[in-house]
Amino acid sequence: MKYYSTNGKAPIADLRKAVVKGLAEDRGLYMPERIKKLPKEFFDTIETKSFQEIAYTVADAFFGEDVEADALKKIVYDTLSFDCPVVKVKDNIYTLELFHGPTLAFKDVGARFMARLLQYFTSDSRGTSSSRDTSKPSINVLVATSGDTGSAVANGFLGVEGIHVYVLYPKGKVSKIQESQFTTLGKNITAVEVDGVFDDCQALVKSAFMDEELNHHMKLTSANSINVARFLPQAFYYFNAYARMKETLNPPLSTLNSQLVICVPSGNFGNICSALFGHEMGLPVKRFIAANNANDIFYKYLQTGKYEPKASVQTLANAMDVGDPSNFARIYDLYGKSHERICSLISGATYSDEQIRETMRQCYAETGYILDPHGACGYRALQEGLKDNEVGVFCETAHPAKFKETVDNIIGGDIQIPERLAAFMRGKKQSVEMTKNFDDFKAFLMSR
Ligand SMILES: *Cc1c(COP(=O)(O)O)cnc(C)c1O
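Source: prediction; values computed, not measured.

Parameters at a glance
Residues numbered from 1 in each chain as written. Predicted model: local features only at pLDDT ≥ 70, side-chain atom pairs only at ≥ 80, totals over all residues. Heavy atoms only, no water. Phe/Tyr/Trp six-rings, centres within 6.5 Å; stacked < 30°, edge-to-face > 60°. Helix = DSSP H or I, 4+ residues; strand = E, 2+ residues; numbered from the N terminus. Buried < 20%, exposed > 50% of the residue type's maximum accessible area, 1.4 Å probe, protein only. Lys NZ or Arg CZ within 6 Å of the ring centre and 35° of its normal. Pairing = 2+ DSSP bridges. Salt bridge = Lys/Arg side-chain N within 4 Å of Asp/Glu carboxyl O. Near = heavy atom within 4 Å. Polar contact = N/O pair within 3.5 Å; in protein donor to acceptor, adjacent residues only side chain to side chain. Areas by Shrake-Rupley, 256 points an atom, 1.4 Å probe, with all protein chains shown as cover.

**Q** Tell me about the packing of aromatic side chains, residues and numbers included.
**A** Evaluation of the coordinates by the stated rule reveals 21 aromatic pairs. Where Phe231 meets Phe277, the ring centres are 5.3 Å apart and the plane angle is 85 degrees; that geometry is what we call edge-to-face. With Phe231 in helix H10 (residues 228-231) and Phe277 in helix H13 (residues 270-280), this residue pair connects regions lying 46 residues apart in the sequence. Across the pair, Phe277 and Phe231 agree in class, each one buried. Centre to centre, the rings of Phe298 and Tyr301 are 6.1 Å apart; their planes meet at 35 degrees, and the pair counts as tilted. Here the residue Phe298 and the residue Tyr301 both occupy positions in helix H14 (residues 297-304), the gap between them amounting to three residues, near one helical turn. With a relative accessible area of 2%, Phe298 lands in the buried category. One aromatic cluster in this structure is built from Phe62, Phe63, Phe113, Phe231, Phe236 and Phe277. Taking NZ or CZ as reference, Lys73 lies 5.1 Å from the ring centre of Tyr56, over its face.

Right, dumping it as structure tokens:
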């Protein structure tokens, strides 16, 4: 499969290049040249298949031409070492729980898949690495984080041979829970605690990619969320959601096949974009809702036809605080830059922090289900937007315990911290202290 850039000014790339480079030369996002439709028989019997089997079929459609079948199967099965169940919240409203992975958020799926695919493309056995010295990683991932991305990437790459990860985070500016998820791991993960803010971390990473001497010394790449290997695998769980609803849940088949609405709490729009790719592959979804917090750039685009990025505002659902969602470029391209086509399939919603609080309280009181602030936007958009015959599924993108203080305060409870999160918090913090001066960071990397 070949990949083109949404900006249309970069050379066509193969999968290997798209994964290793991440962003195209013209700063555009890579798009697969074709999206294969899956056959009707696949959907007819999908409920008899496991999550991993379904995911492998979807993965094969995208990556099968470029990755050997056995290797691809192993990558998919290793990635999906946990479930993404569909749970009924109330009549006609279901939740797709995406927080059962190692860091309790949906980014685990994409990060784990990308780590394994990157290893496949850079490992010595494929004869693509210049070094046969096994003590030295063949590739180094640099990632700047304000919290959630660092934990998903670090855990996704943990123990993956031949790859070393440096997570740069702003000292004192991420929560203890988040910090524990990438500073306690050891092995091939190094946490770099930068005396500065998130933008300083990002600037260090950008300078590192542009420094010739450093790039000569070590092979560097990013694990940015726009990477095709991070965003496409997220389509897996939408197919599985359909299968599990068909298998066990109540909506009659005719309703499921003609009235299914998928609602995705969105920030950078990678998750909903993968769902839209699923739809192009034949997944029977009637329409989509993109639920935003107060960062309403996409919502405004739907109303006006104008895409006007602006500075993000801080909200309770902070992983969705994005003022210029990167994956808009993919959605725009997917529908031929047609505002009309986009509006015919996707609607929007936007909620203030006060509405998020109100929704979390109301849902808990009415159904007993505890929403996290991101999922709350999704639930509310379905509650307000679902028509009579429709059945809706919204993504619970993170476990509420990741935002324990906020959630406890809002619903007046004391929610339990799952054991795998508690285990991180018991771990011993290891980090390298760093100034925000690039010369210091460079000297550190050159010494490695
Ligand atoms: C990253 C994230 C989102 C936003 O997902 P996008 O793919 O960027 O739209 C929503 N919720 C949580 C918990 C996240 O971590």
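Still more to cover.
**Q** Lay out the sheet that holds strand E2 (residues 13-14) in plain terms, naming residues and giving numbers.
**A** Strand order in this open sheet of three strands is E2-E1-E3, and the pairing throughout is antiparallel. The sheet is open, and its two edges are formed by E2 and strand E3 (30-32), each paired on a single side. Of the pairings in the sheet, the one linking strand E1 (residues 2-5) to E2 comprises two bridges and is antiparallel in character. Residue pairing across strands places Tyr3 opposite Ala13, the latter belonging to E2.

**Q** Any chance you could break down the pattern of salt bridges for me, citing the residues and the numbers?
**A** Evaluated as defined, the whole model comprises 26 salt bridges. Its salt-bridge partner being Glu390, residue Lys286 comes within 2.7 Å of it at the nearest N-O pair. Of this pair, Lys286 sits in the loop between H13 and strand E11 (287-292) while Glu390 sits in the loop between helix H18 (373-385) and strand E13 (391-396), and the two are 104 residues apart along the sequence. You can call Glu390 buried: its relative accessible area is 1%. Notably, a salt bridge pairs Glu354 with Arg357, separated by 3.0 Å at the nearest N-O pair. Residue Glu354 and its partner Arg357 are both found in helix H17 (residues 353-367); the two are separated by three residues, about one turn of the helix.

**Q** Go over the site of the ligand, please, and point to the residues and values.
**A** Surrounding the ligand, one finds 15 residues, the nearest of these being Lys107, Gly267, Asn268, Phe269 and Thr397. Separating an oxygen atom of the ligand from a backbone N or O atom of Phe269 is a distance of 2.8 Å. Gly270 is positioned such that a nitrogen or oxygen atom in its backbone is 3.2 Å from an oxygen atom of the ligand. Expressed as a share of its isolated accessible area of 390 Å², the protein-covered part of the ligand is 96%.

Treat this as a map of the structure, not an account of what it does.
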